[in-house]
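Observations on chain architecture
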Amino acid sequence: MIGKDLDYAAQLLTAEEIVAIPTETVYGLAGNALSTKAVTKIFAVKNRPAFDPLIIHTNAVSRLAAWTESLPDPLRELADRFMPGPLTLLVPKLPVIPDLVTAGSPRVAVRIPRHPLSLALLERLSFPLAAPSANPFGYISPTTAQHVEQQLGEKINYILDGGPCTVGLESTIVGMEQDQITVFRKGGLAVETIEAVVGPVRVKEHSSSNPQAPGMLKSHYAPRVPLRLGVLGELQNGQSKERLGILAFRAGLPGVPAEQQIILSQAGDLQEAAQGLFAAMRRLDQMDIDLILAEPFPETGLGRAINDRLRRASAEE
Ligand code: TXA
Ligand code: MG
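Residues numbered from 1 in each chain as written. Chains lettered and ligands numbered in written order. Predicted model: local features only at pLDDT ≥ 70, side-chain atom pairs only at ≥ 80, totals over all residues.

**What to know about the overall build of the protein**
Where we set the bar: Helical segments are the DSSP runs of H or I of at least four residues, strand segments are the runs of E of at least two, and each set is numbered from the N terminus. Between the two quantities, the radius of gyration covers C-alpha atoms and the globule rule is 2.2 Å times the number of residues to the power 0.38. Burial in this document is a count-based property: other C-beta atoms within 10 Å of a residue's C-beta are tallied, and the residue is buried at 20 or more, exposed at 12 or fewer, or partly exposed in between, with C-beta positions derived from the backbone. We call two residues in contact if the C-beta atoms placed from their backbones are at most 7 Å apart.
Scanning the protein from terminus to terminus reveals 9 helices and 15 strands. Here the C-alpha atoms of the protein give a radius of gyration of 19 Å, agreeing with the 20 Å that 2.2 N^0.38 yields for 317 residues. Relative to its 317 residues, the protein shows a buried fraction of 47%. Residue pairs at least 24 apart in sequence account for 65% of intrachain contacts in the protein once pairs closer than 6 positions are excluded.

**As for the UniProt feature "binding site: ATP" (unreviewed entry) in the protein**
Stated formally: UniProt positions are given in the numbering used here, feature names are shortened, and annotations may be inferred rather than shown by experiment.
UniProt's feature table lists "binding site: ATP" (unreviewed entry) at Arg48, Ser133, Ser141, Arg185 and Tyr221, given in the numbering used throughout. With respect to the helices, strands and loops of the structure, Ser141 is situated in the loop between β7 (129–130) and α6 (145–152). Given 25 C-beta atoms within a 10 Å radius, Ser141 is considered buried.

**What about the domain arrangement of the protein?**
The condition that has to hold: What marks off one domain from the next here is an automatic or database domain assignment. Note on residue classes: Ala, Val, Leu, Ile, Met, Phe, Trp, Tyr, Cys and Pro are nonpolar, Asp, Glu, Lys and Arg are charged, and everything else, Gly too, is polar.
Partitioning the protein into structural domains gives domain 1 (2–203) and domain 2 (227–313). On the side of domain 2, 14 residues touch domain 1, which itself brings 15 residues to the contact. Residue composition of the side of domain 1 that touches domain 2, by class: 5 nonpolar, 8 polar and 2 charged.

**Let's talk about the pairing of strand β10 (residues 180–185)**
Going by this rule: Only strands joined by at least two bridges in the DSSP assignment are considered to pair.
Two elements, strand β9 (residues 172–177) and β10, share 5 bridges in a ladder whose sense is antiparallel. Looking at the pairing, Ile173 lines up with Arg185 of β10. Linking two consecutive strands that pair antiparallel, namely β9 and β10, is a turn of 2 residues; a positive phi of about 45° is found at Gln178 within it. As paired elements, β10 and strand β11 (residues 202–203) share 2 bridges and run parallel to each other. Bridge pairing in β11 links Val183 to Val203.

Below you can see the structure in the form of structure tokens.
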């Protein structure tokens, strides 16, 4: 069931049930992070392997002290500046956080979503919410309540509807590694925006040969119709434009049927493009086409995170 009933959502969560919640990045599949029972359900509903840890969510930085060690200074600066927002910080956890949440790691990922409905919900709860993106493992993250309903509607009692996500990319994950501020997953907060506050940071490039790094398997975001990343004009010989889907930044490809083309931002606005990206991938994935051709974005600002998701969606493993 989809609705806007905060009381009902809070009641279910308090009873260790699972509820899908809106955030500004993507929808989350939430449960009491202090309850092994609730967390086990999250893994089961998502069909997620237990080695992939979960982010915990709350409504205020001041509440983190109940569940984590204090933030290292450079991360504190980021917390003060960007929380609530599309930022997740890796912080040493206190024993009250079950090992199941962190997949055995001594660090827990924490986030304060910038969404009025979720903030109101989190404020009422005495516990943080563990919440991975509300998609079956290996599929694109949902950015509307309807996306969640289509794939997980039968497995969960309630989807809290907060409208379409305004950011549209998962949070940027940041932690300390060898005393350096390190970005482990590019996301809805641009690396440049972080660097404007704390100076140059290290960015871990994602690779499937490095499964310990957050962000997981390379093909994590894969659609079902194969997706190829390439310059739109440079079609392979013999590739039919009739059976092609196009995912473009500012302009499409002449000759491909208009209904098979999605242009993310005619104005060239990366924020607008990010907001529509996952919904566009879902729409294309449902079309009767043989291949999605996605154009590489400028490697700047949110374009870097968009390219990261497109690259992973195009991975062949
Ligand atoms: O925007 C978001 O971050 C969304 C919304 C719902 O908050 N959540 C999200 O969760 O994207 P999920 O589970 O789909 O992705 C979280 C990533 C995973 O790749 C996981 O490996 C990493 O964060 N992660 C979580 N806890 C970690 C930890 N303790 N250490 C290292 N990586 C961690
Ligand atoms: Mg996910």
